Structures are given as structure tokens and as C-alpha cells.
Amino acid sequence: MSIQKVVVILGTNASGKSSIGLELAKEFNGEIISADSRQIYKGFDFCSGKVTKEEALIIPHYLIDICDIGDTFSVADFQEHCYRIIPEISKRGRIPFIVGGTGLYIDSVTKGYKLKNSSPDLLMREHLEGKNVEELQKMLIGLGIDYRKDDSSFFSNKRRLIRLIEKWNSGESLEDEKCEPRFETLQLGVTWPKEILHKRIEDRLSKRIEQGMIEEVQQYINKGGNIDFLISLGLEYKYIYWYLSGKYRTLDEFYLEMSRAIKRFAKKQMTWFRRNNNIIWIDMEHDPLSQANSKIEQFLSN
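The paragraphs below set out a description of the structure included in this document. If you're wondering where the values come from, they're calculated on a predicted model, not measured in any experiment. Per chain, the residues get numbers from 1 upward, laid out in the order the sequence is written. Restriction of local features to residues with pLDDT of at least 70 applies here, the model being predicted, together with a cutoff of 80 or more for giving and counting side-chain atom pairs; totals for whole chains, interfaces and linings are based on all residues. Neither water nor hydrogens contribute to the side-chain values; these are computed over all heavy atoms in the structure.

Notes on unusual backbone geometry
So, point 1. Even without being a glycine, Ala14 presents a positive backbone phi close to 65 degrees.
So, point 2. Position of Ala14 among the secondary structure elements: in the loop between β1 (5-11) and α1 (17-27).
So, point 3. By relative accessible area, Ala14 is classed as buried at 8%.
So, point 4. Despite not being glycine, Asn29 has its phi angle at roughly 55 degrees, a positive value.
So, point 5. Exposure classes here rest on a 1.4 Å probe applied to the protein chains alone. A residue is buried below 20% of its type maximum, exposed above 50%, and partly exposed in between. Its relative accessible area of 36% is what places Asn29 among the partly exposed residues. Secondary structure is summarised from DSSP: a helix means a run of H or I of at least four residues, a strand means a run of E of at least two, and numbering begins at the N terminus for each.

Written out as C-alpha cells, the structure is:
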């Protein structure tokens, strides 16, 4: 039985990966699996940059709006969904596309991490959620786990630190080396020179504010939403809550701090992606669709 082929379109925030992924999926009779850790949650369409309803009618999309805010969704959950969805897409004679910017999600499928999807200890999680990043780091070191400390984008992420401690408590392996890739993948990277990417981030943030991004969060809060989980989602969710709570005196001050945070996050995304030598980076300034078409055609013909 031949190994199923999967095309991955990955990149930083505001890189244009979603629009390129949509165009390529149309060109190659594909269906799209979203690899975005925030788009899985219902609501907050502008905050998370989901495809429009019209776009979703053109190309089937998966793993969008599948959880309520506050629900637990792990890397293992994402992997399990992909392991089910990808063969289904292939059986229909279509090409599976994974499109997104959550590097750990993408790696879990392309590298074939061996993961356990055990139910979390909710009391332990509540205890860990009450600690800050520095306290969690000290806990890991106290357990003898100085894991990936040289990767600041990993070691400073509260949710990942909590997951490491949970894995240690459940006896799971903390290493990624035990991998069994199930699919043959072509990974195409999408990004821009720093100055252009920063301008794209600023323009996209302005557009989403105009579209009602702040109102989305306000409505959620007004309905008695889970504030702690909202903040844990980070970026737009956290900064909008801070703005609505009066931390920022003006909309301009909020915009400046929010755009800075997104730029820092995009840098962390690139730090993650640069470790992967299998990614082929597309030159976005010189006909990126033609470049991607050529790579995909070659990949599918082999």
C-alpha cells in the first residue's frame, strides 16, 4: 500500500499562508486541515483569523470551531484527528493540505510523534495554572528536567511547561525522538523579510480591529466567559482583555502593544520553523504561487 502524501503550508502570523493554502488547495483538488491552536475554538473569528464562510464553501476545512472555549485540546488530540481525516481525504481522491502556524501541531503529524492522549489530572492542572512561568521552570529543573532551555520560545511558554510537568507525572516520555511518520509530506514555508512582515502584521491588526475583534471578546466577557482560559490563549485574547480592563489608556496604546506582541510571536514561530531542514521556503516577493505549484507537482508525480 502506497504512503499517503500530504502538503503542508506553514508560516508566521500575517504571512499569507491561509490565502496561499486556499489557492493551492483549489489548484490541486485539495481539502484543508487547519493547524492553528486557536482556530479550534468556537467564536473569535477575527481574533484567530479564520477563513470566511464563503471560503469554507469553496474548499472543505477541518479542525475549525470544534471546541468550546475552556475545553482541553492537546497536541495528541490534533494528531489523532489528522490521522483520521487525512486517509479520508485521500480515499476521496483529493489531496490533504495542512495549513497553519502552530509548529508543534505540524511536527506531531509530519514527524509522527508517539504521543499518549491520557486525560489530564484536573486538580494538578488547576494547581499548575496558578503558577507563573518562572515557578514552572523551577519545578521542571527541580524534577531534573532542564528541557530545551536553550529554546526560549519553548521554555517560556506556560502551557507547554504545564504539559511537560503533566507528562512527567504520568510517566510519559519527554523526548520527541521516538517518531513513526505515517505520511510522505511536502512542507512549504511562507514568510517575508522582517520589515515587510511587520507592516503586514500592523495592517492586518488594523483591519481586524475595524471588523470587530475587540467586540468579539467583549461579548464573550459579557456572557460570563472563562477569563482565565481567555488570558491563557495569549496574544489578541489577552491584550484585548487588558484593554477592556483599563490597562491601556487609549486604543492607540493598545494597538502599539498588541502589534509588538504579535511581532515577537512571529519571531518565535520562525525560531521553531528554522530547526526543520525539511521546510522549503517560498520567495513571497517573486510569484510564490508558481513556485509552490512547481514543488507540489513534482512532489505528487514522484
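What about the side chain of Gln269?
So, point 1. Mapping Gln269 onto the fold places it in helix α14 (residues 251-273).
So, point 2. By relative accessible area, which is 5% here, Gln269 ends up buried.
So, point 3. Polar contacts, as counted here, are pairs of nitrogen or oxygen atoms within 3.5 Å of one another; within protein the pair requires one atom able to donate a hydrogen and one able to accept it, and residues that are adjacent in sequence qualify only if both atoms are side-chain atoms. There is a polar contact of 3.2 Å between the side chain of Gln269 and the backbone oxygen of Gly101.
So, point 4. In what follows, a contact means two residues having at least one pair of non-hydrogen atoms within 4.5 Å. Residues contacting Gln269, with those up to four places away along its chain left out, are Gly11, Thr12, Asn13 and Gly101.

What about the pattern of salt bridges?
So, point 1. Any Lys or Arg side-chain nitrogen found within 4 Å of a carboxyl oxygen on Asp or Glu counts as a salt bridge. All told, the structure shown has twelve salt bridges when counted by the stated rule.
So, point 2. Arg92 is the partner of Glu31 in a salt bridge, and the nearest nitrogen-oxygen pair spans 2.8 Å. Residue Glu31 is found in strand β2 (residues 30-35), and its partner Arg92 is found in the loop between α4 (75-91) and β4 (95-100); the two are separated by 61 residues along the sequence.
So, point 3. Across the pair Lys50 and Asp45 runs a salt bridge, and its minimum N-O distance is 3.3 Å.
So, point 4. Taking the relative accessible area as the measure of exposure, Lys50 reaches 11% and is therefore buried.

A word on the pairing of β2
So, point 1. Most of β2 is tucked away, with six of its six residues classed as buried.
So, point 2. Residues Gly30, Ile32 and Ser34 of β2 are buried on one face, and the alternating residues Glu31, Ile33 and Ala35, pointing to the opposite face, are buried as well.
So, point 3. Two strands pair if DSSP finds at least two bridges between them. Pairing between β2 and β4: six bridges, direction parallel. Residue pairing for β4: Ile33 is matched across the bridge by Ile98.
So, point 4. For β2 and strand β3 (residues 61-62), the ladder comprises two bridges, and the chain directions are parallel. In the strand pairing of β3, Ile33 is matched with Tyr62.

So, helix α15 (residues 288-301)
So, point 1. Given a rise of 1.5 Å per residue, 14 residues ought to cover 20 Å, and the 20 Å separating the end C-alpha atoms of α15 matches this to within 8%.
So, point 2. Buried within α15 are the following residues: Pro288, Ala292, Asn293, Ile296 and Phe299. Take α15 and look down its axis: the buried residues cluster within an arc of 135 degrees, on one side only.
So, point 3. In this fold, the buried residues of α15 make contact with β1, α1, β4, β5 (184-191) and β6 (279-283). Here a helix's expected span is defined as the number of its residues, less one, multiplied by 1.5 Å. For this quantity, the arc is that covered by the directions from the helix axis to the C-beta atoms.

Observations concerning the nonpolar core
So, point 1. Counting residues in each nonpolar core, the largest one holds 74 residues, and the members touching the most others are Ile9, Ile33, Phe78, Phe97 and Ile98.
So, point 2. At eight residues, the largest contribution of residues to this core is made by α14.
So, point 3. Apart from residues no more than four positions distant in its own chain, Ile98 is found in contact with Val6, Val7, Val8, Ile9, Ile33, Ala35, Ile86, Ile106 and Val109.
So, point 4. Core analysis: the second largest hydrophobic core is formed by eight residues, Leu128, Leu140, Phe155 and Ile165 among them. Residues grouped as a nonpolar core are buried Ala, Val, Leu, Ile, Met, Phe, Trp, Tyr and Cys residues, joined through side-chain atoms within 4.5 Å.

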